[in-house]
Protein chains: 2
Amino acid sequence: MKALEDKILKEGTVLPGNVLKVGSFLNQQMDSDFIMDIGREIARLYEGERVTRILTVESSGIAIAVAAGIALHVPSVFAKKHKSANMPKEVYTAPVYSYTHKETYEIAVAKEYIGKGDKVLIVDDFLANGNAVRGLIGIIEKAGADLAGCAIAIEKGFQGAGDELRAQGIRVDSLAIVDSMDESGVIFRAQ
Amino acid sequence: MKALEDKILKEGTVLPGNVLKVGSFLNQQMDSDFIMDIGREIARLYEGERVTRILTVESSGIAIAVAAGIALHVPSVFAKKHKSANMPKEVYTAPVYSYTHKETYEIAVAKEYIGKGDKVLIVDDFLANGNAVRGLIGIIEKAGADLAGCAIAIEKGFQGAGDELRAQGIRVDSLAIVDSMDESGVIFRAQ
């Protein structure tokens with residue numbers, strides 16, 4: 001998605017520790033029209049796939065998951081990172097290790113919101129080491145649902161998880177793939 | 001908003017501890033078309049107000065904040081509940097006490113995403129004791145921005161915070177106000 005690459009080049013900042021900061025438009029401040037464009041692009045990629053549900057993980061994936069849900073007219077569900085008082089007891093869970101926070105947390109989705117017969121599209125803002133996506137795939141498997149694929153805004157291609165998932169036969173569509181980045185700039189993979 | 005009251009009556013569940021569970025359509029699983037209807041209704045209420053930014057707090061407010069942002073064509077920003085590694089150092093913060101989790105946490109918004117000249121609309125899924133909204137108002141004041149008002153999906157009217165805010169001259173629009181609720185049902189305030 002050329003518009004996303006242009007936006008990253010214009011507004012993104014590379015920070016130490018392989019962090020690509022895109023908070024101005026994607027995941028802290030959301031550029032509403034642009035988020036909806038991303039949702040429509042995801043819908044275009046999966047429009048023939050009979051997706052019944054979109055699944056993401058809180059918090060930064062929610063905006064584009066909602067936009068994709070609006071564009072595809074299917075419900076979106078987000079996995080919670082901590083069990084809360086309002087969380088139904090009947091949940092599917094998976095452990096996820098966060099390199100950002102250097103800890104393992106649990107993600108959980110209520111069993112009532114995903115199940116057999118569902119065809120689930122995973123949506124997230126970033127794919128880096130793939131841990132969040134693998135956790136979500138684990139929940140989809142536990143629920144007996146089918147995986148339609150993974151639609152990602154920005155894949156850090158140099159971390160390899162996207163290609164590992166593809167090698168396993170999982171459909172991964174990333175709207176921008178960063179092959180390398182440093183303070184001097186960002187280089188995208190041709191798609 | 002009659003459609004929201006109907007949806008609460010049809011799909012909502014009252015749980016012990018004054019919890020109104022609406023996870024099937026509003027804040028865990030999001031009914032995309034309905035979330036967009038809520039966004040359009042919020043946009044209709046504030047269309048003449050020259051709102052420049054929408055502000056919410058992670059996670060459950062993000063979906064309707066994004067929908068309202070899409071409908072109003074203005075960016076939405078969410079306050080984070082914990083400072084994270086990717087969070088700019090320059091943040092406005094406010095303490096918020098959570099009755100659900102029985103603890104005080106800090107919410108934070110990067111200074112670059114809110115400032116003088118902004119007219120900010122607070123959006124959230126619930127207004128109960130008002131602590132989250134008061135925290136967000138505190139951040140808007142620290143930023144020197146103006147408050148357009150608070151657009152809430154569901155106000156728990158019996159907890160009083162909405163009327164307290166109105167008595168202080170703050171505009172609060174709640175699409176459904178619950179005046180009382182128990183296992184036998186939910187009663188809405190006429191609006």
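Residues numbered from 1 in each chain as written. Chains lettered and ligands numbered in written order. Predicted model: local features only at pLDDT ≥ 70, side-chain atom pairs only at ≥ 80, totals over all residues. Heavy atoms only, no water.

*Asks:* Tell me about the pattern of salt bridges, and name the residues and values.
*Replies:* Residues and elements named next belong to chain A. Counting across every chain of the model gives 32 salt bridges over all chains. Among the salt bridges present, the one from aspartate 37 reaches arginine 40, with a minimum N-O distance of 3.0 Å. Of this pair, aspartate 37 and arginine 40 both sit in helix H3 (residues 32-46), 3 residues apart, which is roughly one turn of the helix. Overall, arginine 40 belongs to the partly exposed group, its relative accessible area being 47%. A salt bridge links glutamate 41 to arginine 44, with the shortest nitrogen-to-oxygen separation between them at 2.8 Å. (Salt bridge = Lys/Arg side-chain N within 4 Å of Asp/Glu carboxyl O. Helix = DSSP H or I, 4+ residues; strand = E, 2+ residues; numbered from the N terminus. Buried < 20%, exposed > 50% of the residue type's maximum accessible area, 1.4 Å probe, protein only.)

*Asks:* Go over the interface of chain A and chain B, please, and point to the residues and values.
*Replies:* Across the boundary between the two partners, chain A contributes 37 residues, which contact 37 residues of chain B. Between chain A and chain B, the buried area comes to about 3200 Å², and carbon and sulfur atoms account for 57% of it. The three residues of chain A that bury the most area against chain B are A:Gln28, A:Gln29 and A:Tyr113, which together make up 21% of that side's buried surface. Scanning the region where chain A abuts chain B turns up 2 salt bridges. The partner of A:Glu112 in a salt bridge is B:Lys21, with the nearest N and O atoms 3.1 Å apart. If you look at where chain A meets chain B, you find 21 residue pairs in polar contact (both at pLDDT 80 or more). Of all the secondary-structure elements, those providing two or more residues to the side of chain A that touches chain B are strand S2 (19-21), helix H2 (23-27), strand S3 (29-30), H3, helix H4 (62-72) and strand S5 (76-79) of chain A. Looking at the side of chain A that touches chain B residue by residue, the classes come out as 17 nonpolar, 14 polar and 6 charged. Pairing between S3(A) and strand S5 (residues 76-79) of chain B: 2 bridges, direction antiparallel. (Contact = heavy atoms within 4.5 Å. Buried area = accessible area lost by both parts, 1.4 Å probe. Polar contact = N/O pair within 3.5 Å; in protein donor to acceptor, adjacent residues only side chain to side chain. Nonpolar A, V, L, I, M, F, W, Y, C, P; charged D, E, K, R; others polar. Pairing = 2+ DSSP bridges.)

*Asks:* Break down H4(A) for me, with residues and values.
*Replies:* Residue and element names in this part refer to chain A. The buried fraction of H4 amounts to 10 of the 11 residues, a majority that puts the element mostly inside the structure. Among the residues of H4, Ile62, Ala63, Ile64, Ala65, Val66, Ala67, Ala68, Gly69, Ile70 and Leu72 are the ones counted as buried. Following H4 by one or two positions, histidine 73 has its phi on the positive side, about 60°.

*Asks:* Go over the side chain of A:Asp173, please, and point to the residues and values.
*Replies:* Residue and element names in this part refer to chain A. Mapped onto the secondary structure, aspartate 173 falls in strand S10 (residues 172-182). Judged by its relative accessible area of 17%, aspartate 173 falls in the buried class. A polar contact is formed between the side chain of aspartate 173 and the side chain of arginine 171, at a distance of 2.8 Å. Setting aside chain neighbours within four positions, we find aspartate 173 in contact with Leu45, Tyr46, Cys150, Ala151 and Ile152.

*Asks:* Outline the sheet that holds S3(A), supporting the account with residue identities and numerical values.
*Replies:* If you trace the 7 strands from one edge of the open sheet to the other, you get S3(A)-S5(B)-S4(B)-S8(B)-S9(B)-S10(B)-S11(B), paired in mixed fashion. Of all the strands in the sheet, just S3 of chain A together with strand S11 (185-188) of chain B have a single pairing partner and so form its edges. For strand S9 (residues 146-156) of chain B and strand S10 (residues 172-182) of chain B, the ladder comprises 6 bridges, and the chain directions are parallel. By the bridge assignment, B:Cys150 is partnered in S10(B) with B:Val172. Packed on one face of the sheet, helix H5 (residues 131-142) of chain B meets strand S4 (53-57), S5, strand S8 (119-127) and S9 of chain B and runs near 165° to S8(B). (Axes fitted to C-alpha atoms, helices over the stretch in contact; angles between N-to-C directions.)

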